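Coordinates in review
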Amino acid sequence: MAVIHRTTLEPGKTELLADWLPGRPWYRGGPDAPVLEKSGGFRLDDPEGEVGIEFMVVTDTSTPERTAYLAPLTYRGAPLEGAEHALIGTAEHGVLGTRWVYDGCHDPVLVTEALALIEGRARAMAQSVTDTPDDEVTRSYDGAALAADAFTPEPSDGEDGTRLPVPGGLTLHVHRVLTPGGGTPPLPPQGALGHVASGWPGPDGTRLRAVFMTLRAR
C-alpha cells in the first residue's frame, strides 16, 4: 500500500516535467517552457512497497488550446540501474529524502503493474489519499493471460505517444497527449485488446475523460 505523505517535494513534479517535456517527440508546445498545472491521475501499488508509481495528468496552460499530457512516473530511493536516459530528475522529499524520478515507461515495476491493471489483477488507487481506490479509472482486457513477471521495457517515443513491446506479442500504447471524448467512461479504440481510461477536471468545471493506455496485438 502506497502511503501518501503530506510534506514537501523540492523541486516539485510540475517543475521537473516542465524541463523534461519539451524534449519529447509528442510535445505539442512551442519553444518556450510550458506552464504546467497538475490536473489529476491515479496511483498503483508496488507489491514490494519500494517504488512509488503514479500516472499523472498535467495540463499546459501556456498555449491557446490547453493540452493535457499523461506522465507515468516512478519514484525511487536509489537510482535505477541502466535507466540513466529515463531520469527526469531528482527531488528532495520532506519525509523520504532524495527521490529519483523516472519516466515510468522505462521502469519495469510500473510497466508490470500497468499490465496487471489492464488485466484486472491490480487496482487503481487515489492519487492523493492513502489506501483509497480510484473508481473513476476503468479498464478492459480480452485476451490470454498476461505475463506477471517483471521484464526490461524497451519503449519507443513517437509523435503519437509511447509504444512498449510486452510479452505475448503485444504492444502497450501509452497515450501521452490526452484527447477527451469517447463516451462515459471512454471506450477503447477499435481493435484494442485492452485499455485503461480515466478523467480529470476541465477549465470550465466539466469533467474531461480519455483513454490513457491501449493494448494491442503487434
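Quick summary incoming for the structure in this document. (Residues numbered from 1 in each chain as written. Predicted model: local features only at pLDDT ≥ 70, side-chain atom pairs only at ≥ 80, totals over all residues. Heavy atoms only, no water.)

1. A word on the side chain of Arg 176
Stated precisely, the cut-off is as follows: Secondary structure elements are defined from DSSP: runs of H or I of at least 4 residues count as helices, runs of E of at least 2 residues count as strands, and each element is numbered from the N terminus. Each residue is assigned to one of three classes by its accessible area relative to the maximum for its type, calculated with a 1.4 Å probe on protein chains only: buried under 20%, partly exposed between the two thresholds, exposed over 50%. Any two residues having at least one pair of non-hydrogen atoms within 4.5 Å are treated as being in contact.
Structurally, Arg 176 is set in the loop between β11 (170-174) and β12 (194-201). We classify Arg 176 as buried; its relative accessible area is 0%. If sequence neighbours within four positions are ignored, Arg 176 has contacts with Trp 20, Trp 26, Ala 68, Tyr 69, Leu 70, Ala 71, Pro 72, Asp 103, Cys 105, Asp 157, Gly 161 and Thr 162.

2. Regarding unusual backbone geometry
Pro 11 follows Glu 10 through a cis peptide bond whose omega is -10°. Secondary-structure assignment places Pro 11 in the loop between β1 (9-10) and α1 (13-20). In this structure, Asp 131 takes a positive phi of about 55° despite not being glycine. For Asp 131, the location among the structural elements is in the loop between β7 (125-126) and β8 (138-141).

3. Digging into the pattern of salt bridges
Let me state the cut-off plainly: Salt bridge criterion: a side-chain nitrogen from Lys or Arg within 4 Å of a carboxyl oxygen from Asp or Glu.
In this structure the tally under the stated criterion is 10 salt bridges. Where Arg 43 meets Glu 54, a salt bridge forms, and the shortest distance between an N and an O atom there is 3.7 Å. Within this pair, whereas Arg 43 is found in strand β2 (residues 36-44), its partner Glu 54 is found in strand β3 (residues 52-60), the two being separated by 11 residues in sequence. Across this residue pair, the class does not change: Arg 43 and Glu 54 are buried. Residue Asp 103 is joined to Arg 176 by a salt bridge in which the shortest nitrogen-to-oxygen separation is 3.0 Å. Separated by 73 residues along the polypeptide, Asp 103 in strand β6 (residues 97-103) and Arg 176 in the loop between β11 and β12 bring together distant segments of the chain. According to the relative accessible area criterion, Asp 103 is buried, its value standing at 3%. Ionic contacts of the salt-bridge type, sharing partners, join the residues Lys 13, Arg 43 and Glu 54 into one network.

4. Here we look at the packing of aromatic side chains
Which entries qualify depends on this criterion: The criterion for an aromatic pair is that two Phe, Tyr or Trp rings (for Trp, the six-membered ring) have centres within 6.5 Å, with stacked assigned to planes under 30 degrees apart, edge-to-face to planes over 60 apart and tilted to the rest.
Inspection of every chain in the model, using the stated rule, returns six aromatic pairs. Ring plane angle 20° and centroid distance 6.2 Å describe the contact between Phe 42 and Phe 212, whose orientation is recorded as stacked. Linking Phe 42 in strand β2 with Phe 212 in strand β13 (residues 207-217), this pair joins segments that are 170 residues apart in sequence. Since its relative accessible area comes to 0%, Phe 212 is described here as buried. Plain terms: the ring middles of Trp 200 and Phe 212 are 6.3 Å apart, the flat faces sit at 45° to each other, and that makes the pair tilted. With Trp 200 in strand β12 and Phe 212 in strand β13, the pair connects residues that are 12 residues apart, well separated along the chain. Connected via pairs of aromatic rings, a cluster forms that spans Trp 20, Trp 26, Tyr 27 and Tyr 69.

Treat this as a map of the structure, not an account of what it does.
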